[in-house]
Every structure is written in structure tokens, then in C-alpha cells.
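Close look at the chain arrangement
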Amino acid sequence: MNTNSTAAAQTPFEHEMAERLIQALQLDILVDEIVPDAPLFGDGLGLDSIDALEIALLVSRDYGITLKSDDPDNKTIFASLRALSAHIQAHRKAA
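Below you will find a few notes about this structure. Keep in mind that what you see is a predicted model, and the values were worked out from it rather than measured. All residue numbers refer to positions counted from 1 along the written sequence of the respective chain. Reporting in this predicted model follows two pLDDT cut-offs: at least 70 for local features of residues, and 80 or more for side-chain atom pairs to be given and counted; totals over whole chains, interfaces and linings ignore these cut-offs and use all residues. The side-chain quantities take in all heavy atoms of the structure and omit both hydrogens and water.

Regarding the overall build of the protein chain
By the criteria applied, helices consist of DSSP H or I runs no shorter than four residues and strands consist of E runs no shorter than two, each listed in order from the N terminus. Per the secondary structure count, the protein chain includes four helices and zero strands. Each helix and strand of the protein chain, ordered N terminal to C terminal, gives the series α-α-α-α. Exposed residues in this analysis have more than 50% of their type's maximum accessible area, buried residues have under 20%, and partly exposed residues fall in between, with area computed by a 1.4 Å probe over protein chains only. Here the protein chain, with 95 residues, has 35% of them falling under the buried criterion. Contact between two residues is taken to exist if any of their heavy atoms lie within 4.5 Å; hydrogens are not considered. Excluding contacts between residues fewer than 6 apart, the proportion of contacts in the protein chain whose partners are at least 24 apart in sequence is 59%. Shrake-Rupley sampling with a 1.4 Å probe provides the accessible areas, and residues are treated as covered by the protein chains on show and by no other component. About 5,900 Å² of surface is accessible on the protein chain, with carbon and sulfur atoms providing 51% of the total.

Encoded structure:
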């Protein structure tokens, strides 16, 4: 994992999201170990499709934003902690 904290520092909202992801997905890592730009799936955190469903439930429950499985932007939305956080913040402001 990339430990370069200066280039990959979490914003306060990304930190909040990392905490919620760790809790919801029962990940055995520390919040600061989630590099904001690292992939959530595959080589990054190694999440899978079941985790994506859990994340969608978390986002819906905690932020009131519905993430649909057929959204063509899902690959971008779920690309990283930073991308997911930015999507949530953008849609919270729009709501």
C-alpha cells in the first residue's frame, strides 16, 4: 500500500468515509491506511461486488443518495475513496 501521506492525505470527509467503510465492511485496517486515490476494488483494497452493495447501502442510509447497479458511471464513482467521497458531496449539495 502507498504510505506517502503528503501526496495522499485524506480530506476530513474522506476520513469520515474511510471510517464508515471500515466499520460497514468490517475491514481489518486503520483509517489512515486507505489511500484516497487507491482503487477500492482489485489491487487496491481488494473489495468485491458484495462490498459494493454494502457501500451502496451505507451511502443510501447515511447520506440519502441512491447508487444504482445499472448506473454507467459506477466504475468512476467506485474508483477510489476520493471519487466516492466527491460523488457523495456533489450530490448532497445538489439535493
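Some details on the pattern of salt bridges
By salt bridge we mean one thing: a side-chain nitrogen of Lys or Arg within 4 Å of a carboxyl oxygen of Asp or Glu. Summed over all chains, the structure comprises five salt bridges. The closest approach of N and O atoms between Arg82 and Glu14, which form a salt bridge, is 2.6 Å. With a gap of 68 residues between them, Arg82 in helix α4 (residues 81-94) and Glu14 in helix α1 (residues 12-25) connect regions that are remote in the sequence. Among the ionic pairs, Arg20 bridges to Glu16, the shortest N-O distance being 3.5 Å. Here the residue Arg20 and the residue Glu16 both occupy positions in helix α1, the gap between them amounting to four residues, near one helical turn. In this structure, a network of salt bridges that share partners links the residues Glu16, Arg20, Arg61 and Asp62.

Observations concerning the nonpolar core
As a rule of thumb, nonpolar side chains are buried together in soluble globular proteins. Ranked by size, the top nonpolar core spans 22 residues in total, and within it Met17, Ile55, Val59, Leu67, Leu81, Leu84 and Ile88 carry the most contacts. Secondary structure elements with two or more residues in this core: α1, α2 (49-63) and α4. Take this core: its biggest share by element is six residues, from α1. Among residues more than four places away in sequence, those in contact with Met17 are Leu58, Tyr63, Leu81, Leu84, Ser85 and Ile88. Here, nonpolar core means buried Ala, Val, Leu, Ile, Met, Phe, Trp, Tyr and Cys residues that are tied together by side-chain atoms lying within 4.5 Å of each other.

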